[in-house]
Amino acid sequence: MFDYLIVGAGFAGSVLAERLASTENKKILIIDKRSHIGGNAYDYYNEDGILIHKYGPHIFHTNSKEVFNYLSKFTDWRNYQHKVLACVDGQQVPIPINLTTINSLYGLNLSSQEVEGFLASKAEDIQQVRTSEDVVLKAVGRELYEKFFKGYTKKQWDLDPAQLDASVTARVPTRTNKDDRYFTDTYQAMPLHGYTKMFEKMLDHPNIKIMTNTDYHEIIDAIPYKKMIFTGPVDEYFDYCYGKLPYRSLKFKFETLDQEQYQQTGTVNYPNDYAFTRITEFKYLTGQKHAKTSLVYEYPKAEGDPYYPIPRPENAVLYKKYQELAAQSGTYFVGRLATYKYYNMDQVVAQALSTFKKIQTEISDETLYNETSVSNEY
Ligand code: FAD
Ligand code: UDP
């Protein structure tokens, strides 16, 4: 008898497996329908011996000391500050838009203070920011919106930014200084030996059994367990009873070139050209030295693995109905797909750690209840 059956061996499932096994001495079965652990953060060495991310580029960043300290138990880190260029008007310029972006695009030599005035003169006066279009128009105006955001967003989501929640483009700030890092979080680092090695260490515990290549439907009636933690798509769990929740998918095209370096930064975005959104060169992320280099192109698509929940009002309404079912089900739902949230890795780890604390309280309440009932019997 397992105490917990955990469906999905990504961040959500693995953090909970580790916490419950090592601090509560619970017996865990963690399963994944894929052939490996790590979920979307899985990485491996390709046939040329270059470390690549199977499901697209994963860069770790967080402001949470708790999350960083927790993961540091399972990996050493390599400091890495991700930089992204966008290919616009035949130039490669920094995104997030910053002082350098504006000066390069417009052939100017503005100071930080002057660029504030420049952007203010372009920005639209939007009182209530509701959509992803509003966010950008309010920050930089229509011209820059069209150069950097409109086309990229249409490709990525097959939606106009006006049809997406503000939170989507709000992930990308606007700067008036020369800071050309993609993220400004306190902790920005990559697991020194890769994500998969970190997951292996996390799950290496005598109380944890791992089954890959296993869909939970195949074993649910055959394996005894007390409680389930589910980290797959929430609509799938409930047999799509209210209809399918929309997710956006991607096709990844990998390429290895017989040259040491391909591009100037880890990622180059192509908002207006090609069917792919961006190209990432893995060696920037991993720091690996190799005579060849491997790239990944991301082609957005509607069908396929559910990678992105789509943040827009009608989807929130549909998710809420599933959330109500989830709350009554006795199963714990954790992670990006199970809570239909456009979460980064650190947010999923934080969510899993807080779910663990909730479970821990339930366990100690149960223990107290059992002890009280036993003592009342005497
Ligand atoms: P997942 O990693 O998706 O794990 C869920 C697991 O459940 C999967 O392995 C799946 O196979 C399994 N599963 C589903 N259904 C079943 C079933 N029926 N039976 C058995 N198993 C099942 N975050 C960052 O912080 N930085 C980044 O740079 C970054 N880049 C990203 C790039 C891309 C292209 C994508 C798609 C995401 C990116 N993310 C990034 C987000 C990151 O991938 C997620 O936050 C994180 O991996 C979510 O972890 P999870 O455990 O919730 O889900
Ligand atoms: N975005 C854009 N142009 C860019 C970068 C981002 O329009 O050059 C928008 C786009 O809608 C994208 C969102 O901002 O989906 C969030 O970007 P992020 O890089 O955070 O996406 P992720 O890495 O999660 O795919």
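Reading the values: rules and limits
- Residues numbered from 1 in each chain as written.
- Chains lettered and ligands numbered in written order.
- Predicted model: local features only at pLDDT ≥ 70, side-chain atom pairs only at ≥ 80, totals over all residues.
- Heavy atoms only, no water.
- Near = heavy atom within 4 Å.
- Polar contact = N/O pair within 3.5 Å; in protein donor to acceptor, adjacent residues only side chain to side chain.
- Areas by Shrake-Rupley, 256 points an atom, 1.4 Å probe, with all protein chains shown as cover.
- Helix = DSSP H or I, 4+ residues; strand = E, 2+ residues; numbered from the N terminus.
- Phe/Tyr/Trp six-rings, centres within 6.5 Å; stacked < 30°, edge-to-face > 60°.
- Buried < 20%, exposed > 50% of the residue type's maximum accessible area, 1.4 Å probe, protein only.
- Lys NZ or Arg CZ within 6 Å of the ring centre and 35° of its normal.
- Core = buried A, V, L, I, M, F, W, Y, C linked by side-chain atoms within 4.5 Å.
- Contact = heavy atoms within 4.5 Å.
- Pairing = 2+ DSSP bridges.
- Nonpolar A, V, L, I, M, F, W, Y, C, P; charged D, E, K, R; others polar.

Remarks on the site of ligand 2
Then step 1. Surveying the vicinity of ligand 2 reveals 16 residues, the closest of which are Thr 153, Arg 171, Tyr 182, Tyr 308 and Tyr 342.
Then step 2. For ligand 2, an oxygen atom lies 3.3 Å from a polar atom in the backbone of Phe 149.
Then step 3. With respect to ligand 2, the side chain of Tyr 308 contributes an N or O atom lying 2.5 Å from an oxygen atom.
Then step 4. Protein contacts shield 94% of the accessible area of ligand 2, which totals 520 Å² for the unbound molecule.
Then step 5. Contributions of two or more residues to the shell around ligand 2 are made by helix H6 (142–157) and helix H7 (166–169).

Here's the deal with the packing of aromatic side chains
Then step 1. Scanning the model with the defined rule gives 31 aromatic pairs in all.
Then step 2. Seen in terms of ring centroids, Phe 11 and Phe 199 are 4.8 Å apart; in terms of plane orientation they differ by 65 degrees. Their pairing is edge-to-face. Note that Phe 11 is positioned in helix H1 (residues 11–24) and Phe 199 in helix H8 (residues 195–202), a separation of 188 residues in sequence.
Then step 3. The class of Phe 199 is buried, set by a relative accessible area of 0%.
Then step 4. Every member of this aromatic cluster is reached through a ring pair, and the members are Tyr 216, Phe 230, Tyr 237, Phe 238, Tyr 242, Tyr 322 and Phe 333.
Then step 5. Here the guanidinium or amino end of Arg 34 rests over the ring plane of Tyr 55, the centre of that ring lying 3.9 Å away.
Then step 6. Between the NZ or CZ atom of Arg 171 and the centre of the ring of Tyr 342, over which it lies, the distance is 4.0 Å.

Regarding the nonpolar core
Then step 1. By size, the foremost hydrophobic cluster in this structure holds 68 residues, and its most contacted members are Tyr 4, Phe 11, Ile 28, Leu 71, Phe 148, Tyr 195 and Ile 229.
Then step 2. The dominant element in this core, judged by the number of residues it contributes, is helix H13 (residues 345–377), at 8 residues.
Then step 3. Filtering out sequence-adjacent residues up to four positions away, Ile 229 remains in contact with Tyr 4, Leu 5, Ile 6, Val 7, Leu 16, Leu 20, Tyr 332, Val 334 and Ile 359.
Then step 4. In terms of nonpolar packing, the next biggest core, distinct from the first, is built from 37 residues, Trp 157, Ile 219, Phe 238 and Phe 282 among them.

Here we look at the sheet that holds strand E5 (residues 61–62)
Then step 1. Read across the open sheet, the 3 strands follow the order E5-E9-E6; overall the sheet is antiparallel. Looking at the sheet topology across the chains shown, the edges are occupied by E5 and strand E6 (77–79).

Details of the environment of Leu 337
Then step 1. Structurally, the position occupied by Leu 337 is in the loop between strand E17 (332–333) and H13.
Then step 2. Excluding residues that lie within four positions of it along the chain, Leu 337 makes contacts with Thr 231, Gly 232, Pro 233, Val 234, Tyr 247 and Pro 306.

What to know about the site of ligand 1
Then step 1. Near ligand 1 there are 33 residues, and of these Asp 32, His 58, Ile 59, Tyr 343 and Met 345 occur at the shortest range.
Then step 2. Between ligand 1 and the protein, one listed contact pairs an oxygen atom with a backbone N or O atom of Asn 40 at 2.9 Å.
Then step 3. Against a free-state accessible area of 1000 Å², the protein chains account for coverage of 96% of ligand 1.
Then step 4. Mapped onto the shell around ligand 1, the elements with two or more residues apiece are H1, strand E12 (247–257) and H13.
Then step 5. Per-class residue counts for the shell around ligand 1 are 16 nonpolar, 10 polar and 7 charged.

Things to note about the pairing of E12
Then step 1. Here E12 runs beside strand E16 (residues 308–309); their pairing, made up of 2 bridges, is antiparallel. Residue Arg 248 lies in a different strand from E16, and its bridge partner there is Tyr 308.
Then step 2. The sheet contact formed by E12 and strand E15 (residues 293–301) spans 9 bridges and is antiparallel. Within E15, the residue paired with Lys 253 across the bridge is Tyr 297.

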